[in-house]
Amino acid sequence: MNRNISLYELIGGAGKIREMVEAFYPKVQAHPLLGPLFPADIHPVMDKQYMFLTQFFGGPSLYSDEYGHPMMRARHLPFPITPERAEAWLDCMRRALAEIGVEEQLQAIVIDRLSGPAHHFVNTLEEET
């Protein structure tokens, strides 16, 4: 793999990132641990995720241009993010990547890149009962 090409470019740019987000959120909404954390109108969340992932993977700084520094941990603090929810989020992303035809080696790279932040957002150790 050429190390001078961004992950954004390897994934396929704006169209593929949008496709990823559109495949991802129905899985999140249907997931019993994740769905309850999200609003019924998921479209604003999807738009922000598209902007963030574009920037996170080395594309244009859409998120920062619109909302300032991502401060993602702080933005996730109001939500009970458990280790199980972090893994569920990653699994939904893994399945979305496979669904949109991202090749397996690139899927592994993307999930590896997202795993650090997903686990960094953990702020609750147990599910609420």
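Up top is the structure these notes are about.
The rules behind each value
Residues numbered from 1 in each chain as written. Predicted model: local features only at pLDDT ≥ 70, side-chain atom pairs only at ≥ 80, totals over all residues. Heavy atoms only, no water. Helix = DSSP H or I, 4+ residues; strand = E, 2+ residues; numbered from the N terminus. Rg over C-alpha atoms; globule rule 2.2 N^0.38 Å. Buried < 20%, exposed > 50% of the residue type's maximum accessible area, 1.4 Å probe, protein only. Salt bridge = Lys/Arg side-chain N within 4 Å of Asp/Glu carboxyl O. Core = buried A, V, L, I, M, F, W, Y, C linked by side-chain atoms within 4.5 Å. Contact = heavy atoms within 4.5 Å. Axes fitted to C-alpha atoms, helices over the stretch in contact; angles between N-to-C directions. Parallel < 35°, antiparallel > 145°, perpendicular 65-115°, else oblique. Left-handed = near helix turned anticlockwise from the far one by under 90°. Nonpolar A, V, L, I, M, F, W, Y, C, P; charged D, E, K, R; others polar.

(A) Representation of the overall build of the protein in the model. Each helix and strand in the protein was counted, giving seven helices and zero strands. Ordered by position in the sequence, the α and β elements of the protein form the string α-α-α-α-α-α-α. At 14 Å, the protein has a C-alpha radius of gyration in line with the 14 Å of a compact globule built from 129 residues. Principal-axis analysis of the C-alpha atoms gives the protein an extent of 45 × 30 × 25 Å. For the protein, the proportion of its 129 residues judged to be buried stands at 42%.

(B) Quick look at the pattern of salt bridges. In this structure the tally under the stated criterion is five salt bridges. Arg18 serves as the salt-bridge partner of Asp47, at 3.3 Å between the closest nitrogen and oxygen. With Asp47 in helix α3 (residues 43-56) and Arg18 in helix α2 (residues 13-30), the pair connects residues that are 29 residues apart, well separated along the chain. Residue Asp47 is classed as partly exposed on the basis of its relative accessible area, which comes to 39%. When its relative accessible area of 27% is taken as the criterion, Arg18 is described as partly exposed. Of the charged contacts in the structure, one is a salt bridge between Arg94 and Asp91, with a shortest N-O distance of 3.8 Å. Separated by three residues within a single helix, Arg94 and Asp91 lie in helix α6 (residues 83-99), roughly one turn from each other. On the basis of relative accessibility, which here comes to 33%, the residue Arg94 falls in the partly exposed class. Looking at Asp91, the relative accessible area reads 31%, which means it is partly exposed.

(C) Quick look at the nonpolar core. Counting 40 residues, the largest nonpolar core has Met20, Leu53, Phe57, Met93 and Leu114 as the members making the most contacts within it. Of all the secondary-structure elements, those providing two or more residues to this core are α1 (7-11), α2, α3, α6 and α7 (104-120). A total of eight residues in this core trace back to one element, the largest contributor, which is α6. Beyond its immediate stretch of four places on either side in the chain, Met93 contacts Met20, Phe24, Leu53, Ile111 and Leu114.

(D) Quick look at the packing of α2 against α3. At their nearest, the axes of α2 and α3 sit 9 Å apart, and the two run at 135 degrees to each other. With respect to their mutual orientation, α2 and α3 come out oblique. In this structure, α2 crosses over α3, and the sense of that crossing is right-handed. Packed against α2, whose contacting residues are Ala14, Ile17, Arg18, Met20, Val21, Glu22, Phe24 and Tyr25, the element α3 presents Val45, Met46, Asp47, Gln49, Tyr50, Leu53 and Thr54 at the interface. Of the residues that constitute the contact of α2 with α3, the class distribution is 10 nonpolar, two polar and three charged.

(E) Spotlight on the packing of α6 against α7. With their axes 10 Å apart at the nearest point, α6 and α7 run at an angle of 155 degrees to one another. Between α6 and α7, the angle is such that the two are roughly antiparallel. As α6 packs across α7, the resulting crossing turns out to be right-handed. Here α6 contributes Pro83, Ala86, Glu87, Trp89, Leu90, Met93, Arg94, Leu97 and Ala98 to the contact with α7, which in turn contributes Gln107, Val110, Ile111, Leu114, Ser115, Ala118 and His119. Of the residues contributing to the contact of α6 with α7, the split by class is 11 nonpolar, three polar and two charged.

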